[in-house]
Each structure stands twice: as structure tokens, then as C-alpha cells.
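Structural characterization, general
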Amino acid sequence: EDLHVRIYGSNGASVCSKSIDVDSQGENDRILSLVISNSASRIYVAGYSESSGTGRGWYVGEFNLTNCNLVSDTVINRGSADEARSIALDASGQLVVAGITTEHATTPDLWLEVMNTSFASVCAVRSDLAAASGANAVVVDSLDNIYVGGYKTATNENLSLRKFSSSCVEDTVNWGK
């Protein structure tokens, strides 16, 4: 299935609509989160693209707000079942993406990555816990602290709220307990 982007104006009328075939294989492609950069007239999306050759990989894309045209995109495969589940922008316009990866095991691990708008990695954390963990939501505060909400099952703790600096260093003293 293709990704589909549709933008509506403040009056509720459709501004534009596009279908994007990420991998030319007609398999499962999904947008799970998006964020708008009004200053750049861009919408950034995060999700996954699935193909029979490489499995499921993070999908990050950039679209023009005025005509829905795809500006650039990438699929990042670390494991066989990766999903970018949430995306945010920091104060400098860098993308903060969080989700899951199976890079180190068959159970999912948390994956957090800060990247520039060309999708080059600035810093990344892939948390290889003893059991399943993952990120479902990410937000960035006005000081560029990154907060990741998700889950972990290592000690029967189902909820997880973790804090990272803009350079992907986790605050384990006051957070993530």
C-alpha cells in the first residue's frame, strides 16, 4: 500500500493530495506521526516501509505544505521490524524521531535519533534492554530536552518516561527509573 498525504486548509477544503509509493513493492507503508515546520513550509512524517527483501524499516519523509510534493525521504533499516512512531522538531529545526528497532534482538528496543533535515544522524540511542522496550511518543521542550514516552517490560513496568539531552545523553539520575 502507498503512503497518502492530504493537506486541508483552515476552511476545511482540500489543498492537495498525493499518494507516494515508497518502495515500489506495494507492501505495507504507514505514516504514524507528523510535524509541521511553518517557517520552512514543510511537513515531516515518520512511520515505516515494509519490503520483502529488507523487512520493516523506519520511514522519514519531507513534503511541501503547499502542493503535497515529496521533497525528500529515506528508509532506515537497522533490524527487521523497525518503526518510527513519533517525530518532533527541536528549536533549531532538527528532527527528533523515536520508535523501535530489532537491531540487537527479535524483541523491540527503543530507538531515538536526532537528525538534520537531510536525514543525516546527529546522534542516536538504541536501548538494548534485557526485555522489550520501545518509544511511542517524543516531544522537545523549549530548552531542547527530549522526552520519550513508551514502554519497557524488563521489570514488569509497562510505562516508561525518559529524558535525553539534545545530544542524546540520557538523564538517568532524575528520569527513567
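What you are looking at is a predicted structure, and each value in this text was computed from that prediction instead of being measured.

The next thing to look at is the pattern of salt bridges. For the structure shown, the criterion picks out five salt bridges. The salt bridge involving Arg42 is made with Glu62; its shortest N-O contact spans 3.0 Å. With a gap of 20 residues between them, Arg42 in strand β4 (residues 42-51) and Glu62 in strand β5 (residues 55-64) connect regions that are remote in the sequence. Classification of Arg42 as partly exposed rests on a relative accessible area of 21%. Given a relative accessible area of 9%, Glu62 falls into the buried group. Ionic pairing is found between Arg162 and Glu170, a salt bridge with its closest N-O pair at 2.8 Å.

It is worth spelling out the sheet that holds β4 at this point. Pairing between the strands of a sheet is mediated by backbone hydrogen bonds and can be parallel or antiparallel. Overall, antiparallel pairing links the four strands, which are arranged β3-β4-β5-β6 in an open sheet. One side of each edge strand has no neighbouring strand; the edge strands of this open sheet are β3 (29-37) and β6 (70-76). Across the sheet, the mean angle separating the axes of adjacent strands is 20° when strand polarity is ignored. In this sheet, β5 lies alongside β4 in antiparallel orientation, the contact comprising 10 bridges. For Ala46, the partnering residue across the bridge sits in β5 and is Val60.

The next subject is the state of the cysteines. With the rule as written, the count across this model stands at two disulfides. Between the sulfur atoms of Cys16 and its disulfide partner Cys68 the distance amounts to 2.0 Å. The disulfide joining Cys16 to Cys68 has a torsion of about 75° about its S-S bond and is therefore right-handed. In this pair, Cys16 is assigned in strand β2 (residues 14-20) and Cys68 in the loop between β5 and β6, connecting sequence segments 52 residues apart. In terms of burial, Cys16 and Cys68 fall into one category: buried. Each sulfur of the disulfide joining Cys123 and Cys168 lies 2.2 Å from the other. Its S-S torsion of about 70° marks the bond between Cys123 and Cys168 as right-handed, since a negative value means left-handed. Remark: Cys168 occurs in the segment after β13 (160-164) and Cys123 occurs in strand β10 (residues 121-127); sequence separation between them is 45 residues. Side by side, Cys123 and Cys168 carry an identical accessibility label, which is buried. Listing the disulfide partners of the chain by sequence rank of the bonded cysteines yields 1-2, 3-4.

Counting 15 residues, the largest nonpolar core has Val96, Leu112, Val138, Ile146 and Val148 as its most contacted members. Elements supplying a minimum of two residues to this core: β8 (95-101), β9 (109-115), β10, β11 (133-140) and β12 (146-152). Ignoring anything within four residues of it in the chain, the contact list for Val148 reads Ala98, Leu110, Leu112, Ala135, Ala137, Val138, Ser160, Leu161, Arg162 and Phe164. One finds Ile87, Val97, Met115 and Phe119 within the second-largest nonpolar core, a separate group that totals 13 residues.

Below, the discussion takes up the packing of aromatic side chains. Scanning all chains against the criterion turns up one aromatic pair. Aromatic side chains Trp58 and Trp111 sit 3.7 Å apart centroid to centroid with 25° between the ring planes, which places their arrangement in the stacked category. Residue Trp58 is found in strand β5, and its partner Trp111 is found in strand β9; the two are separated by 53 residues along the sequence. Trp111 shares its class with Trp58; the two are buried. In this structure, Arg56 is placed above the aromatic ring of Tyr48, and the distance from its NZ or CZ to the ring centre is 3.9 Å.

Analysis parameters
- Residues numbered from 1 in each chain as written.
- Predicted model: local features only at pLDDT ≥ 70, side-chain atom pairs only at ≥ 80, totals over all residues.
- Heavy atoms only, no water.
- Salt bridge = Lys/Arg side-chain N within 4 Å of Asp/Glu carboxyl O.
- Helix = DSSP H or I, 4+ residues; strand = E, 2+ residues; numbered from the N terminus.
- Buried < 20%, exposed > 50% of the residue type's maximum accessible area, 1.4 Å probe, protein only.
- Pairing = 2+ DSSP bridges.
- Axes fitted to C-alpha atoms, helices over the stretch in contact; angles between N-to-C directions.
- Disulfide = S-S within 2.5 Å.
- Core = buried A, V, L, I, M, F, W, Y, C linked by side-chain atoms within 4.5 Å.
- Contact = heavy atoms within 4.5 Å.
- Phe/Tyr/Trp six-rings, centres within 6.5 Å; stacked < 30°, edge-to-face > 60°.
- Lys NZ or Arg CZ within 6 Å of the ring centre and 35° of its normal.

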